[in-house]
Amino acid sequence: MNVFRLTAASCLVLLLDSLSPAQTPPQVLVTDSGVQTVTIGPGAPAHTIGLQGHRQLITMDTGALVYGLRYVIARDPKDPQAAIPGEGYIGMPQPVDCNWYGGGFFDVQLNGQSIGRTLIHSLTGRSSGNRGTVDFVFDHSQAVVRVRFVAQAGGDCLYAQVLLEPKVEITAVRVAVRCYPSAFVSDADRHVLTPTRDLAQGQRAELDIAQEWWTLYYDRIYDAGHISPTHRGVGPCAVLWPPGQTEKAGLTVGSYGTDTLFTLKPALRDFRFVFFDDAGKTNAAAKAGLRERGKSLLDELTAFAFTDPRLADWPLPQKQAEIRRALASLPEDKEAAAQYDRWARELAEQLTLVRSGSSGAIMAEADAAKTIGQWDRGLPALKLKALLNDI
């Protein structure tokens, strides 16, 4: 009888899987590694060697590119709420580890303090509709901060948003981004292209905010496909941002890596960027593409709805009804009933706060995302258990 039950259930699952592709519109496949801990060894920044490393990688496969976003820090043995960044804390190891640096490419600084020295509250990823979303949430002393990255099905770029809920007066906001264009090499000829000029290696520039609102980082020697005895060029990378959020932006074109620092308007609470990793594209193709798309991308970014529809519209009453149907076949499973009842009460409060958009919404959304993830992960097993109990 047990063999029959398993066979029947397996056939049902296979039948549902065979029907789903024709009914599913293009989506972004989101994969989460979960938190991984390691002892940091030689080769890492000296101040982190011997400490416990905390790692988590979430990838978003758009069908055109796979973007990977990683949280990477060392734990402070003297303070469980602190983090010790090595070279950074938000990295982009995919499509490639260079370009937007996998060891740390994005740093938010509030009132002169990097949020990366506070242990992350949560890192979550999910797919909804035609987009994937990854959220880094920090409960920092200066503000609750959400750094959200969104990829669209079939897309070749990442939309990024920094959202603040201040705890104190915010007088200074900076974002620093780091890249090693095309390859980790020092025998390079680095350049940064803007809408109005080409900056050569070694040049220091303050950008004209009204006219220069994107930067493309490339190497004239290590173009995509260029091969040396030890390295291969992979292609350039770029970032675009709305001029209206920026007080100033500056960079020095480094011979190895390049850091770009944005000083943002501290009265704002919403800051936006678009990132490209053009791995596989030649310099010429990437330049032409950004020049052609720049203005439309800027308009799109300015109007972009960063709200996650999967959370904002998550239908709690329907989900509760679905759980009740499954539990009706499992009257003995008091533990599952109590667990879903507790989650439902928590979600009712969290989703109300999220939809209100009032103070506390960022943390409520982060907690709701974790709870919904647990709810959804547990549901297939619960349904299968109910199905087998009914056979």
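As the structure is a prediction and not an experimental result, all values here were calculated from the model.

So, on to the side chain of Gln161. Counting through the fold element by element, Gln161 comes out in strand β13 (residues 157-166). At 3.1 Å, the side chain of Gln161 and the side chain of Asp270 are in polar contact. Not counting the four nearest positions on each side in its chain, Gln161 is found in contact with Arg146, Val147, Arg148, Asp270, Phe271, Arg272 and Phe306.

One number sums up the size of the largest pocket: a volume of about 460 Å³. In this structure, the largest pocket is lined by 22 residues; those nearest its centre are Asp32, Leu123, Thr124, Gly125 and Arg377. When contributions to the lining of the largest pocket are tallied by element, the ones reaching two or more residues are β1 (29-32), β3 (52-61), β10 (122-128) and α6 (361-390). Its residues placed into classes, the lining of the largest pocket shows five nonpolar, 11 polar and six charged.

What follows is about the state of the cysteines. This structure, assessed with the given rule, holds zero disulfides. Unpaired in terms of disulfides, Cys98 finds its nearest cysteine sulfur in Cys237, a separation of 8.0 Å. This cysteine, Cys179, is not joined by any disulfide, and Cys237 carries the nearest cysteine sulfur, 3.9 Å off. Exposure remark for Cys179: the relative accessible area of 0% places this residue in the buried category.

As a further point, take the packing of helix α4 (residues 316-328) against helix α5 (residues 334-356). At a minimum axis separation of 11 Å, α4 and α5 run at an interaxial angle of 175°. Relative to α5, the element α4 is oriented roughly antiparallel. Of the residues in α5, those in contact with Leu316, Gln320, Ile323 and Leu327 of α4 are Ala336, Ala337, Tyr340, Ala344, Leu347 and Ala348. Residues that form the contact of α4 with α5 fall into these classes: nine nonpolar, one polar and no charged.

So, on to the environment of Gly112. Structurally, the position occupied by Gly112 is in the loop between β8 (106-110) and β9 (113-114). Separated by 62 residues in sequence, Gly112 and Arg174 have C-alpha atoms that sit 8.0 Å apart.

Bringing the pattern of salt bridges into the picture now. Close approach of charged atoms allows side chains of opposite charge to pair. Going through the model one piece at a time under the given rule, you end up with 21 salt bridges. Of the charged contacts in the structure, one is a salt bridge between Asp135 and Arg126, with a shortest N-O distance of 2.6 Å. Here the two residues Asp135 and Arg126 agree in accessibility, since each one is buried. The shortest N-O distance in the salt bridge between Arg204 and Glu206 comes to 2.5 Å.

Along the chain, Thr246 turns up in strand β20 (residues 246-252). In this structure, Thr246 is in contact with Ile209, Trp241, Thr263, Leu264 and Lys265, ignoring residues within four places of it in sequence.

On to the packing of aromatic side chains, then. For the coordinates displayed, the defined rule picks out 25 aromatic pairs. On the basis of an interplanar angle of 50° and a centroid distance of 6.1 Å, the ring pair of Trp100 and Phe105 is categorised as tilted. When the centroid spacing of 4.9 Å and the interplanar angle of 90° are considered together, the rings of Tyr340 and Trp375 count as edge-to-face. Note that Tyr340 is positioned in helix α5 and Trp375 in helix α6, a separation of 35 residues in sequence. Residue class for Trp375 comes out buried when judged on its relative accessible area of 0%. Taken together through their ring pairs, the aromatic side chains of Trp100, Phe105, Phe106, Phe136, Phe149, Tyr217, Trp241, Phe262, Phe273 and Phe275 make up a single cluster.

Take α4 next. Over its 13 residues, α4 extends 18 Å from the first C-alpha to the last, a length consistent with the 18 Å expected when each residue adds 1.5 Å. The secondary structure elements touched by the buried residues of α4 are α5 and α6.

A cis geometry characterises the amide bond from Gln94 onward to Pro95, with omega recorded as 15°. With respect to the element layout, Pro95 can be found in the loop between β6 (90-94) and β7 (99-100). A positive phi angle, close to 50°, is found at Asn111, a residue other than glycine. Looking at where Asn111 falls in the secondary structure, it is placed in the loop between β8 and β9. Assessed through its relative accessible area of 23%, Asn111 is described here as partly exposed. Phi at Ser182 takes a positive value of approximately 80°, unusual for a residue other than glycine. Inspection of the secondary structure puts Ser182 in the loop between β14 (173-180) and β15 (190-193).

What counts and how
- Residues numbered from 1 in each chain as written.
- Predicted model: local features only at pLDDT ≥ 70, side-chain atom pairs only at ≥ 80, totals over all residues.
- Heavy atoms only, no water.
- Helix = DSSP H or I, 4+ residues; strand = E, 2+ residues; numbered from the N terminus.
- Polar contact = N/O pair within 3.5 Å; in protein donor to acceptor, adjacent residues only side chain to side chain.
- Contact = heavy atoms within 4.5 Å.
- 1 Å grid on protein atoms, 1.4 Å probe; cavity = no way out; pocket = protein on both sides within 12 Å on 5 of 7 lines; lining within 4 Å.
- Points joined across faces, edges and corners; volume = space filled by probe spheres on them.
- Nonpolar A, V, L, I, M, F, W, Y, C, P; charged D, E, K, R; others polar.
- Disulfide = S-S within 2.5 Å.
- Buried < 20%, exposed > 50% of the residue type's maximum accessible area, 1.4 Å probe, protein only.
- Axes fitted to C-alpha atoms, helices over the stretch in contact; angles between N-to-C directions.
- Parallel < 35°, antiparallel > 145°, perpendicular 65-115°, else oblique.
- Salt bridge = Lys/Arg side-chain N within 4 Å of Asp/Glu carboxyl O.
- Phe/Tyr/Trp six-rings, centres within 6.5 Å; stacked < 30°, edge-to-face > 60°.
- Expected span 1.5 Å × (residues − 1).

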